[in-house]
Amino acid sequence: MGNSLGFIEIVGMLGAIEACDAAVKSANVELVGCELTKGGGWVTITLKGDVAAVKAGVDAAVASAERIAKVVSYTVIARPSEELGKITPDKLGQPKEKKDEESENKNEKDEEKVIVEKPVAEVKKEEEKIAQEKISPEKIAVEEKVAVEEKNAVAEKKMEEKHEIKTAAAAQKSTGTTRRRRTTTTTKK
């Protein structure tokens, strides 16, 4: 597309998204990447295109992002050296052959992960299915009946305890442990 690169470092992903949107809309640039750096929440945006377009895109991105986030730094590199591809080989200047090999290797690794993860998921589903099949409706009915009976037994025991407490209280009142004052009333004639 072009022979110029633009880089913008912004604190926070939201500001980076705003900057990417502004850059792409304002100039004929290609968004090469948006990468989270290590620490501080910094995000590096990489743009590619003609020198004038990249300068316009970077300026628009910085102006837009400064409204909602902190722009740490930005630069435009006109006609970057091919050696620059060595420090950012996955995004810039790498021959297509190497990219194709890497993408094939990545696809093979992804397929291996699927193969490893898929049987585990299937095994869990099969175990759950077997467990559900083992519990017959009759067994469920018996278990529910037992649970209800246990619940009733606990309720009866509580009722008995309450009855015993009431009986003990009534017995204590009848033995006269509490005294009542007798009062006599006189009437005037």
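Residues numbered from 1 in each chain as written. Predicted model: local features only at pLDDT ≥ 70, side-chain atom pairs only at ≥ 80, totals over all residues. Heavy atoms only, no water.

## Details of the side chain of Ser64
Stage number 1. Tracing the chain through its elements places Ser64 in helix α2 (residues 51–65).
Stage number 2. A distance of 2.8 Å separates the side chain of Ser64 from the side chain of Glu18, its partner in a polar contact.
Stage number 3. Not counting residues within four places of it along the chain, the set of residues in contact with Ser64 comprises Glu18 and Ala22. (Helix = DSSP H or I, 4+ residues; strand = E, 2+ residues; numbered from the N terminus. Polar contact = N/O pair within 3.5 Å; in protein donor to acceptor, adjacent residues only side chain to side chain. Contact = heavy atoms within 4.5 Å.)

## Describing the environment of Ala56
Stage number 1. Residue placement: Ala56 occurs in helix α2.
Stage number 2. On a C-alpha basis, the gap between Ala56 and Gly6 in space is 9.9 Å, while along the polypeptide they are 50 residues apart.
Stage number 3. If we skip the residues at most four places from it in the chain, Ala56 touches Ser26 and Ala27.

## Let's talk about a negative patch on the surface
Stage number 1. On the surface, Glu156, Glu160, Glu161 and Glu164 cluster together to form a negatively charged patch.
Stage number 2. Among the structural elements, Glu156 can be located in helix α4 (residues 137–174).
Stage number 3. Judged by relative accessible area, which is 51%, Glu156 ranks as exposed. (Patch = residues over 30% accessible without salt bridge, like charges linked within 9 Å, V, L, I, M, F, W, Y side chains within 5 Å. Areas by Shrake-Rupley, 256 points an atom, 1.4 Å probe, with all protein chains shown as cover. Salt bridge = Lys/Arg side-chain N within 4 Å of Asp/Glu carboxyl O. Lys, Arg positive; Asp, Glu negative; His and termini not counted. Charge placed at Lys NZ, Arg CZ, Asp CG, Glu CD. Buried < 20%, exposed > 50% of the residue type's maximum accessible area, 1.4 Å probe, protein only.)

## Here's the deal with the nonpolar core
Stage number 1. Core analysis: the biggest nonpolar cluster contains 19 residues, and Ile8, Ile10, Ile45 and Leu47 have the highest contact counts within it.
Stage number 2. Listing elements by their share of this core, those giving two or more residues are β1 (4–11), α1 (13–26), β3 (42–49) and α2.
Stage number 3. Here the element with the most residues in this core is α2; it accounts for six residues.
Stage number 4. Dropping the residues within four chain positions of it, Ile45 is found in contact with Gly6, Phe7, Ile8, Ile10, Ala16, Ala19, Cys20, Leu31, Gly33 and Cys34. (Core = buried A, V, L, I, M, F, W, Y, C linked by side-chain atoms within 4.5 Å.)

## With respect to unusual backbone geometry
Stage number 1. The phi angle at Arg79 is positive, at roughly 50 degrees, despite the residue not being glycine.
Stage number 2. Its location among the elements puts Arg79 in the loop between β4 (70–78) and α3 (96–134).

## Some points on the pattern of salt bridges
Stage number 1. Taken as a whole and judged by the stated rule, the model has two salt bridges.
Stage number 2. One salt bridge in this structure joins Glu18 and Arg67, with 2.8 Å as the shortest N-O distance. Separated by 49 residues along the polypeptide, Glu18 in helix α1 and Arg67 in the loop between α2 and β4 bring together distant segments of the chain.
Stage number 3. Under the relative-accessibility criterion, Glu18 is labelled partly exposed at 26%.
Stage number 4. For Arg67, a relative accessible area of 63% gives the class exposed.
Stage number 5. For Asp21, the salt bridge goes to Lys25, with nearest N and O atoms at 3.1 Å. With Asp21 and Lys25 both in helix α1 and four residues apart, this pair spans about one turn of that helix.

## Focus on α1
Residues that lie three or four places apart on an α-helix share one face, since the helix turns once every 3.6 residues.
Stage number 1. Spanning 14 residues, α1 covers 20 Å between terminal C-alpha atoms, matching the ideal 20 Å at 1.5 Å per step.
Stage number 2. Inspection of α1 places Gly15, Ala16, Ala19, Cys20, Ala22 and Ala23 among the buried residues, and these make up the whole buried set.
Stage number 3. Turning to α1, the residues buried within the fold contact β1, β2 (29–36), β3 and α2. (Expected span 1.5 Å × (residues − 1).)

## As for α2
Stage number 1. Its 15 residues place the ends of α2 21 Å apart at the C-alpha level, agreeing with the 21 Å of an ideal helix rising 1.5 Å per residue.
Stage number 2. Residues of α2 that are buried sit in contact with β1, α1, β2, β3 and β4.

## Description of the sheet that holds β2
Stage number 1. Strand order across the open sheet formed by four strands is β2-β3-β1-β4, with antiparallel pairing between neighbours. Sheet topology places β2 and β4 at the edges, where each strand pairs with a single neighbour. Averaged over all neighbouring strand pairs, the angle between strand axes comes to 15 degrees, with direction disregarded.
Stage number 2. As defined by bridge partners, β1 adjoins β4 across eight bridges and the pair is classed as antiparallel. Residue Phe7 lies in a different strand from β4, and its bridge partner there is Thr75. (Pairing = 2+ DSSP bridges. Axes fitted to C-alpha atoms, helices over the stretch in contact; angles between N-to-C directions.)

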